[in-house]
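Structural overview for review
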Amino acid sequence: MLIDFHSHIFPDRIAAGALKSLSDSIVRYQGERYPHYTDGTLNGILKSMEDNGVDMSVILPIATKPTQTGTINAFAKGIRNEKVVSFGSLHPEQDDWETVLENLAEEGFRGIKLHPEYQSFFVDSKRSIEILKKAEKLGLYTVLHAGYDYGMPPPVHCQPDRLKNVLTEVSGKYIIAAHLGAFVNWDEVEKHLVGTPVNFDTAFISKFISPEQCKRIIRNHGADKILFGSDSPWQEPKTEHKFLLGLGLEKDEEDKIFYKNALKILK
Ligand SMILES: [Zn+2]
């Protein structure tokens, strides 16, 4: 069984435009266009899941403006089926963030996605910590984009040292730091986050991390706190899956990473 804990889709009528604008911003900062492997729609990901041997996908939507939250969460609720489950969204700048969290918990959501780069907040800011605390209290997980984003200028808002600061206020058990703790900043992950209760996903790392460092982080951190993710449509799940299978982990560790840890969270 394979559960992809980090994927993105959009409502049909905006999917093409959303992918184009995200892809354009990558060109702006990286000078090259990155492929996307689905058309960004629900049907697109269902087809990709079949092609990639993915049994279930967790969708992580992001409200880039406070006014988008309502529409995004309605979409997130509407797409739920036995193969696709979505986290909710909120924008740290909205005044009613607390009510949004309470409603999401009541509606059976398992968590939210926050993107410190797109939403322009530091992970150890006052509001961010308030949100993480409240989410933990409600039993909601928070997936944080962590580390550099390919389509955004500096400063980076969620680096390992800043995320570590948060752990004096929350347990960290309900945090999932994407991209193995911090995209392309894995030396700092090893310094500040490995061994803490924070969970990591494996989205979009295979092209950038050495197998040695990846295996070392997983082993030292503990496979109980690692969730398989691809970052679809920006990566194909089978590429990340193959990379992880090549690390030579124990079967028991692989099972935890590929689906057991995810099932515990999704219940
Ligand atoms: Zn992502």
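Residues numbered from 1 in each chain as written. Predicted model: local features only at pLDDT ≥ 70, side-chain atom pairs only at ≥ 80, totals over all residues. Heavy atoms only, no water.

**Some words on the environment of glycine 40**
Examined against the element boundaries, glycine 40 turns out to sit in the loop between helix H1 (12-30) and helix H2 (42-52). Note on glycine 40: relative accessible area 0%, which makes it buried. Distance from glycine 40 to alanine 15, taken between C-alpha atoms, is 5.3 Å for residues 25 residues apart in sequence. (Helix = DSSP H or I, 4+ residues; strand = E, 2+ residues; numbered from the N terminus. Buried < 20%, exposed > 50% of the residue type's maximum accessible area, 1.4 Å probe, protein only.)

**Some details on the sheet that holds strand S6 (residues 141-144)**
As summarised here, the arrangement of the six strands in space is S4-S5-S6-S7-S8-S9, forming an open sheet in which the pairing is parallel. With partners counted over all chains shown, the strands left at the sheet margins are strand S4 (88-89) and strand S9 (226-227), one partner each. Where S4 lies against strand S5 (residues 111-114), two bridges are found, and the strand directions are parallel. Looking at S5, one finds that serine 89 is bridged to lysine 113. (Pairing = 2+ DSSP bridges.)

**Some remarks on the pairing of strand S1 (residues 3-7)**
Within S1, five of the five residues are buried, which leaves the element mostly enclosed by the surrounding structure. Strand direction decides the pairing type here: S1 and strand S2 (residues 56-59), joined by three bridges, are parallel. Of the residues in S2, the one forming a bridge with aspartate 4 is serine 57.

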